Amino acid sequence: MGSVTPSSGALCRLIGEQVLCGPDQVVVEFGGGTGAITKALLQRGIPGNRIFTFEIDDHLSRFLRGHYPDVNVVHDDCRKAADILGPELVGKVGTVVIGIPMLNLPMRAQKEVVEACFRILPEGGRFVLYTYGLVSPLNQRALGVKGKRLGFTPLNVPPASVWGYWKAKP
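Note that the coordinates shown come from a computational prediction; the quantities given were computed from them, not determined experimentally. (Residues numbered from 1 in each chain as written. Predicted model: local features only at pLDDT ≥ 70, side-chain atom pairs only at ≥ 80, totals over all residues. Heavy atoms only, no water.)

### Observations regarding the overall build of the chain
Just so we agree on the cut-off: Helix numbers and strand numbers start at the N terminus; a helix is a DSSP run of H or I with at least 4 residues, a strand a run of E with at least 2. Radius of gyration: C-alpha atoms only; globule rule: 2.2 Å multiplied by the number of residues to the exponent 0.38. Only heavy atoms matter for contacts: two residues are in contact if any of them lie within 4.5 Å across the pair. Accessible surface area values rest on a Shrake-Rupley calculation with a 1.4 Å probe, where residue burial reflects the displayed protein chains alone. For this count, His and the chain ends are skipped, Lys and Arg are scored as positive, and Asp and Glu as negative. Working definition for charges: the position is that of NZ of Lys, CZ of Arg, CG of Asp or CD of Glu.
Looking only at helices and strands, the chain has six helices and seven strands in total. Order of helices (α) and strands (β) in the chain, N terminus to C terminus: α-β-α-β-α-β-α-β-α-β-α-β-β. The C-alpha atoms of the chain give a radius of gyration of 15 Å, which matches the 15 Å a tight globule of 170 residues would have. Seen along its three principal axes, the alpha-carbon backbone of the chain occupies a region of about 40 × 40 × 30 Å. The long-range share in the chain, meaning contacts at least 24 apart out of those at least 6 apart in sequence, stands at 64%. Carbon together with sulfur atoms contributes 55% to the accessible area of the chain, which is approximately 8600 Å² in total. One way to put it: in the chain the 19 positive side-chain charges average out to a point 9 Å from where the 14 negative ones average out.

See the structure below:
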C-alpha cells in the first residue's frame, strides 16, 4: 500500500471515470489492497465476475475475498497475470489499474509490472495508476511508455493524480 489512508471517494471516482470495459472485456487491478478501487469499479457498474484483482499479500487477499465475493481475487504476483488469465482473457482487458506504489519499486520491478500490463492488454491498450505526486511516477523513457496525467483530486489525503500510460512508438 502506498498510503496510510484508503483511497478517498473522490480518487475512486476519478479512477472509475478512466476505466474502459467493453462488453467482452474485463478489468484487471494490480494491488487490490483494502478494496477501495475494487469497490469503485463495482459502483461504476462493472460486474464482479469481470474484475480480476491481483493481491500478493495473504491477509489482504483474504480480506478482499470476504468483502467482494463476486470479484475474482487472485492471490498471486501480478507479473504472472498473462499466465493466470490465460489465452481466453489475454487481449480482452479493457484497462489495467495499478494500485501498487510503483515509486517504491526498483526500476527492474517497475519494468516487469509494466510489461505484465502490456502482455494482457490489447494492442494500443493503456493502464492507469494513481500517485500522490504531481509528476509522472514512472520514468517514461526507461520504461518505453508515454504517459499523461488524466486527473487530479485535492480531496484525497494526500492529494492524488491519476495517470494513463500507453506503449511508446518506436
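### Section: the pairing of strand β6 (residues 145–153)
Definition in use: Strands are treated as partners if at least two bridges between them are detected by DSSP.
In terms of strand pairing, β6 meets strand β7 (residues 160–167) through eight bridges, oriented antiparallel. Looking at β7, one finds that Gly147 is bridged to Tyr165. Linking β6 back to β7 in an antiparallel pair, the connection comprises six residues.

### A look at the nonpolar core
Quick reminder of the rule: We call a set of buried residues a nonpolar core when its members are Ala, Val, Leu, Ile, Met, Phe, Trp, Tyr or Cys and they connect through side-chain atoms within 4.5 Å of each other. The rule is simple: take the accessible area with a 1.4 Å probe, protein chains only, and divide by the maximum for that residue type; under 20% is buried, over 50% is exposed, in between is partly exposed.
In this structure, Val28, Phe30, Val96, Ile98 and Phe127 are the most contacted members of the largest nonpolar core, which totals 29 residues. Every element with two or more residues in this core is listed here: β1 (26–30), β2 (51–54), α4 (81–85), β4 (93–98), α5 (107–120), β5 (127–131) and β7. Counting residues per element, this core draws most heavily on α5, at six residues. Once residues within four sequence positions are removed from consideration, Ile98 is found in contact with Phe30, Val113, Cys117, Phe127, Val128, Leu129 and Tyr130. Judged by nonpolar contacts, the second largest core, of 21 residues, contains Leu64, Tyr68, Val71 and Val73.

### Here we look at helix α1 (residues 9–18)
Of all ten residues that make up α1, seven are buried, and the element is covered over most of its length. Where α1 is concerned, the buried positions are Ala10, Leu11, Cys12, Leu14, Ile15, Gly16 and Gln18. Where α1 is buried, its residues meet α2 (36–43), β4, β5, β6 and β7.

### Re a nonpolar patch on the surface
Our working definition: Only residues above 30% relative accessible area that lack a salt bridge enter a patch, with like-charged residues linked at up to 9 Å and the nonpolar side chains Val, Leu, Ile, Met, Phe, Trp and Tyr linked at up to 5 Å. The rule for a salt bridge is simple: a side-chain nitrogen of Lys or Arg has to be within 4 Å of a carboxyl oxygen of Asp or Glu.
Residues Leu134, Val135 and Phe152 make up a contiguous nonpolar surface patch of about 310 Å² in total accessible area. Take Val135: it is sitting in the loop between β5 and α6 (140–143). For Val135, a relative accessible area of 63% gives the class exposed.

### Here we look at the sheet that holds β2
Short version of the rule: Axis lines are fitted through C-alpha atoms, for helices just across the contact stretch, and the angle between N-to-C directions can take any value from 0 to 180 degrees.
The seven strands lie next to each other as β3-β2-β1-β4-β5-β7-β6, forming an open sheet whose pairing is mixed. Of all the strands in the sheet, just β3 (72–74) and β6 have a single pairing partner and so form its edges. For this sheet, the mean inter-axis angle between neighbouring strands, taken without regard to orientation, is 20°. Here β5 pairs with β7 via five bridges, running antiparallel. When the bridges of β7 are listed, Tyr130 appears paired with Val162. Strands β1, β2, β4 and β5 of the sheet are contacted by α2, whose axis makes an angle of about 165° with β1.

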